[in-house]
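An overview of the molecular structure
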Amino acid sequence: MDWSRAKNVLIYAFLLLNIVLGYQLWQDMRDRMHSDLDWTSLSEETRIIMDMKKMQVTAKIPAETPSLREITYRFVNRGKMEVPLKTPKDSVIIFSEKDLIRSLQGEIPNIDMYRYDETVGGTGPFLFHQRLPNGLPIFEVTLKLMHRSQKITAYQQQYVELVESKTNKEQKILPASQALGIVIEKYLLPGSVVRNVQLGYHGQLFEAETQVAAPSWRITLDNDEVYYVNAINAAVDTSQAGKKEIDK
């Protein structure tokens, strides 16, 4: 065997591997840098108003603007009953999606279809939203995990199924920075602090078999006020302003 040649081949192989890994690392860092924006991405007019009214935006502003459409869904379970767990679970599992699914999959149907809402604080139930295949949550469809003494003891679950609709076409959604600008300029009081901006689906609930929800930016303040901005037509729903979402 030609050891000198083999040595050179190994050196070139490691060099090529380092180049590939370095390129992947650079791509990951670039994606992270462009996945969120800060308050400086807002328009000059909005920033002037923020300065005048002493408002703050501590939230990261999502940069994505996918093409989405309104959805129609049907409630399978409206979640009016609280169901006790057969065996209480350690509450720490909510911070690990894998542990959560592994621990509760046998007791809570479709547990893997829910996403924990980290923006809801307080001492109430842990709040989750059912999410669609694209990963976006439906803000009105919830799973609540009741806890006591650091144990999850019961749950209250809503669950829906999508109803196919061929009339609604996908549209490029309104950027989060524009949605936030509308709320800041027209709705927020002086001294307001925006702590979270998230994309999902929102719609008013009615006593009907089917419901409709539109892609919406949910804007949450540090006092738990919530504003929804329709990401297609820019309409603002202020019905949750002044209310805690966990109390719905």
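These figures come from a predicted structure and were not determined experimentally. (Residues numbered from 1 in each chain as written. Predicted model: local features only at pLDDT ≥ 70, side-chain atom pairs only at ≥ 80, totals over all residues. Heavy atoms only, no water.)

**Let's talk about the overall build of the protein**
Short version of the rule: In DSSP terms, a helix is any run of H or I states spanning at least four residues, a strand is any run of E spanning at least two, and both are numbered starting from the N terminus. Working rule for contacts: check all heavy atoms of both residues, and any pair within 4.5 Å makes them a contact. In these tables, accessible area is a Shrake-Rupley quantity obtained with a 1.4 Å probe, and a residue counts as shielded only by the protein chains included in the view.
The secondary structure content of the protein amounts to 4 helices and 16 strands. Put simply, of all contacts in the protein between residues at least 6 apart along the chain, 61% involve residues at least 24 apart. For the protein, the exposed area adds up to about 15100 Å²; of that, 53% sits on carbon and sulfur atoms.

**A closer look at the environment of Phe139**
Mapped onto the elements, Phe139 comes out in strand E9 (residues 137-148). Sequence separation of Phe139 and His202 is 63 residues, and the distance between their C-alpha atoms is 5.7 Å.

**Thoughts on the nonpolar core**
Convention followed: The term nonpolar core refers to a set of buried residues drawn from Ala, Val, Leu, Ile, Met, Phe, Trp, Tyr and Cys, joined through side-chain atoms within 4.5 Å. Throughout this description, buried means an accessible area under 20% of the type-specific maximum (1.4 Å probe, protein chains only), exposed means over 50%, and partly exposed covers the range between.
Leu180, Val194 and Trp217 are the most contacted members of the largest nonpolar core, which has 34 residues in total. Contributions of two or more residues to this core are made by strand E5 (71-77), E9, helix H4 (176-186), strand E13 (193-202), strand E14 (210-221) and strand E15 (226-230). With near-sequence residues (within four places) excluded, Val194 lies in contact with Gln56, Val57, Thr58, Ala59, Leu180, Leu188, Ile219, Thr220 and Leu221.

**Notes on unusual backbone geometry**
Of note in the backbone geometry, Lys54 takes a positive phi value of approximately 55 degrees without being a glycine. Tracing the chain through its elements places Lys54 in the loop between helix H2 (44-52) and strand E2 (56-57). By relative accessible area, Lys54 is classed as exposed at 67%. We note that Asn110 has phi near 55 degrees; this positive angle belongs to a residue other than glycine. Along the polypeptide, Asn110 turns up in the loop between helix H3 (97-104) and strand E7 (114-116). Taking the relative accessible area as the measure of exposure, Asn110 reaches 32% and is therefore partly exposed.

**Concerning the pattern of salt bridges**
This is how the line gets drawn: Salt bridges are identified by distance alone: a Lys or Arg side-chain nitrogen within 4 Å of an Asp or Glu carboxyl oxygen.
Evaluated as defined, the whole model comprises 6 salt bridges. Between Glu97 and Arg131 there is a salt bridge, with its nearest N and O atoms 2.3 Å apart. Of this pair, Glu97 sits in helix H3 while Arg131 sits in strand E8 (residues 126-131), and the two are 34 residues apart along the sequence. By relative accessible area, which is 42% here, Glu97 ends up partly exposed.

**Let's talk about the environment of Leu145**
Within the element layout of this structure, Leu145 appears in strand E9. A relative accessible area of 0% means that Leu145 is categorised as buried. Here the alpha-carbon distance between Leu145 and Leu127, two residues 18 residues apart in the chain, equals 6.6 Å. In contact with Leu145, other than residues within four places in its own chain, are Ile94, Leu100, Leu104, Ile108, Pro125, Phe126, Phe128, Ile152, Ala154 and Tyr155.

**Brief notes about the environment of Gly191**
As for its position among the elements, Gly191 is in the loop between H4 and E13. Each C-alpha atom, one on Gly191 and one on Gln56, is 7.4 Å from the other, the two residues being 135 residues apart in sequence. Residues contacting Gly191, with those up to four places away along its chain left out, are Lys53, Lys54 and Met55.

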